[in-house]
Structures are given as structure tokens and as C-alpha cells.
Amino acid sequence: MTKSFRHGQILKLVRSRHLFTQDELARALKETGIDATQVTLSRDMRELGLVKTADGYRELSSESTGTQFAALAGEFLQDVRLAQNQVVLKTAPGHANSVAVALDDAEWPEVVGTIAGDDTILVICPDSSTAEVVRTKLIALL
């Protein structure tokens, strides 16, 4: 089985079902005869541009990444904190990865990169003054 085939099956499942967790996606893939680890699924989802929404995993449209980030942040972002050149975002549980992927795809020039956990995102900026600008932009989305 090739990566391309697995990606196709993931997209088919995401388009036809409401899958809310990676475990649900792994079980659905197993029903089609494909075994996938959490690590593989995380990488596949990132490569495919999948984000977690209130309706389950969905494809992130490349032409609407900024709009997609604003929508996800508006729905799942709960708190924004500043720590030197870093901004710490709190999201609803289980939604940090989707929000972080959408922020990375939005390609804000002030953001060097993100690291996401279950409900926390660390946004890294080049310096503290830039981090404050990012914090202000994010608070405006709340």
C-alpha cells in the first residue's frame, strides 16, 4: 500500500463521515484494511491539510487559509497569553492541533512557527515586540 493510496482513503473517509478523533479515523481505515499508527495519521493529516472542526475532520482549503484560521480561532480559541517572544494559546480540548495547522497555513509573517498539544499552542515569534503584535491580533479574533 502506498502513501498516496492511504491519503486517498483518508480523504474519502473524511469527506463521507463525521470523524472526530484520530482513533475514529484509525478504526475507519482498519475497516477498509489499512492499519495506521497515530504518528502516521498525524503526519498524513498535516500533509493533507486536515483540521478538526465542530463537524469532525475537514480539508483545509488552500485559498481560504486566513479565513479558515479566523473561523477556527473564533470557534476554539479561549485564551491568549504572552511570554517574552512566545504567545501561548489555550483552545477547547482536542482542538489545538487544528488551530495551529491553520495558523501555520495562514503564513503570518510575524510567526516563526507553532507547537501544539491537546489544548495548548505555543506560537514562536522572532522577538517580544512582535509577540505583542501577534497577541493583539489574536485577541481581536476572540
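Higher on the page you've got the structure.
Residues numbered from 1 in each chain as written. Predicted model: local features only at pLDDT ≥ 70, side-chain atom pairs only at ≥ 80, totals over all residues. Heavy atoms only, no water.

Asks: Can you explain helix H2 (residues 22-31)? Please cite residues and give values.
Replies: Along H2, the residues that are buried comprise Gln22, Leu25, Ala26, Ala28 and Leu29. One side of H2 holds all its buried residues, which, seen down the axis, span an arc of 165°. Within H2, the exposed residues directed more than 90 degrees away from the buried face are Lys30 and Glu31. As for H2, its buried residues are in contact with helix H1 (3-16), helix H3 (38-48) and strand S2 (56-59). Immediately downstream of H2, the backbone of Gly33 shows phi near 90°, a positive value. (Buried < 20%, exposed > 50% of the residue type's maximum accessible area, 1.4 Å probe, protein only. Helix = DSSP H or I, 4+ residues; strand = E, 2+ residues; numbered from the N terminus. Arc of directions from axis to C-beta. Contact = heavy atoms within 4.5 Å.)

Asks: Now, about the sheet that holds strand S3 (residues 77-83): what can you tell me, with residues and values included?
Replies: Taking strand neighbours across the sheet as the criterion, the 4 strands line up as S3-S4-S6-S5 in an open arrangement whose pairing is antiparallel. Of all strands in the sheet, those bounded by a partner on one side alone are S3 and strand S5 (113-116). With direction set aside, neighbouring strand axes in the sheet form an average angle of 20°. Note that strand S4 (residues 86-91) and strand S6 (residues 120-124) share 5 bridges and pair antiparallel. (Pairing = 2+ DSSP bridges. Axes fitted to C-alpha atoms, helices over the stretch in contact; angles between N-to-C directions.)

Asks: Just give me the short version of the packing of aromatic side chains, but keep the residues and values in it.
Replies: To describe a pair of aromatic rings, one takes the distance between the centres and the angle between the planes. Under the criterion given, the structure shown has 1 aromatic pair. With centroids separated by 5.3 Å and ring planes inclined at 85°, the aromatic side chains of Phe69 and Trp108 adopt a geometry described as edge-to-face. Separated by 39 residues along the polypeptide, Phe69 in helix H4 (residues 65-76) and Trp108 in the loop between helix H5 (96-106) and S5 bring together distant segments of the chain. Relative accessible area serves as the criterion here: at 2%, Phe69 is assigned to the buried category. Above the face of the Trp108 ring, Lys137 is positioned so that its terminal group lies 3.9 Å from the ring centre. (Phe/Tyr/Trp six-rings, centres within 6.5 Å; stacked < 30°, edge-to-face > 60°. Lys NZ or Arg CZ within 6 Å of the ring centre and 35° of its normal.)

Asks: Talk me through the side chain of His7; I want residue IDs and the actual numbers.
Replies: Looking at the secondary structure, you find His7 in helix H1. What makes His7 buried here is its relative accessible area of 12%. Within the local environment of His7, its side chain forms a polar contact with the side chain of Asp44, the two groups lying 3.0 Å apart. Side-chain polar atoms of His7 contact the side chain of Glu47, separated by 3.3 Å. What His7 contacts, discounting residues up to four positions off in sequence, is Asp44, Glu47 and Leu48. (Polar contact = N/O pair within 3.5 Å; in protein donor to acceptor, adjacent residues only side chain to side chain.)

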